Amino acid sequence: MNLPNKLTMFRVILIPFFVVFLLAPDISENGQYIAVAVFIIASLTDLFDGKIARKYNLVTNFGKFMDPLADKLLVCSALICLVEMDRLAAWIVIVIIAREFIISGFRLIAAEQQIVIAASYWGKFKTTFQMLMIIVLILDFDNVAFQMLGIILTYVSLALTVISLADYLYKNRDVIKGEK
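Every value quoted in this text rests on a predicted model; they were computed, and no experiment measured them. (Residues numbered from 1 in each chain as written. Predicted model: local features only at pLDDT ≥ 70, side-chain atom pairs only at ≥ 80, totals over all residues. Heavy atoms only, no water.)

Colleague: Just checking my understanding: could you explain the pattern of salt bridges for this structure?
Modeller: Close approach of charged atoms allows side chains of opposite charge to pair. Scanning all chains against the criterion turns up nine salt bridges. In this structure, D46 engages R11 in a salt bridge whose closest nitrogen and oxygen atoms are separated by 3.9 Å. Here the residue D46 occupies a position in helix α2 (residues 31-55), and R11 occupies one in helix α1 (residues 3-23), the gap between them amounting to 35 residues. The pair D46 / R11 is uniform in exposure class, with both members buried. Put simply, K171 and D167 hold a salt bridge, and the shortest N to O gap is 3.4 Å. Residue K171 and its partner D167 are located together in helix α6 (residues 144-171), separated by four residues, close to a single helical turn. Overall, K171 belongs to the exposed group, its relative accessible area being 52%. Judged by relative accessible area, which is 14%, D167 ranks as buried. One salt-bridge network, in which partners are shared between bridges, spans R11, D46, D49, D67 and D71. (Salt bridge = Lys/Arg side-chain N within 4 Å of Asp/Glu carboxyl O. Helix = DSSP H or I, 4+ residues; strand = E, 2+ residues; numbered from the N terminus. Buried < 20%, exposed > 50% of the residue type's maximum accessible area, 1.4 Å probe, protein only.)

Below is the structure:
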């Protein structure tokens, strides 16, 4: 297993630790800070695994499959935890997770046609803003400016989720029609 794939698997392994520190207050009084640190480390592995894979030509089918899955598992776990903590509305999480299911299904259709669809810039912006939103919502500092930042990041993330979905479907509409 090459380094990018090890980083991807490390990200998956970090998810339960993140969830436990976030949702189990008896473990540590600083659980949310440990959870944010784990989330940031996991998020950084996403950045590095892709860069390393492309730079050193270490792109594998395993990585093409597991990297986006690991991202979805990390982000969706965090979003569900934020609903449990009453820091994010369930309908927002439903929209975000629905987009992920739609794109995953779409990629399966494309794969059947021997087409690999790369992530778009809209999708990368969406992921970046979602990760920033998650960090801010977990920290939840009692400060008006910080609370406003959380609200702004939430709605920007939501908008980018919808825009990236629309962009993805529009650019690859021939795949749905079976014409590519």
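Once you've had a look at it, read on.
Colleague: I would appreciate a short explanation of a nonpolar patch on the surface in the present structure.
Modeller: Taken together, W91, M148, I151, I152 and Y155 make up a surface patch of nonpolar side chains, about 530 Å² in accessible area. Among the elements that line the nonpolar patch, the one with the most residues is α6, at four residues. Given the relative accessible area of 46%, Y155 is considered partly exposed. (Patch = residues over 30% accessible without salt bridge, like charges linked within 9 Å, V, L, I, M, F, W, Y side chains within 5 Å. Areas by Shrake-Rupley, 256 points an atom, 1.4 Å probe, with all protein chains shown as cover.)

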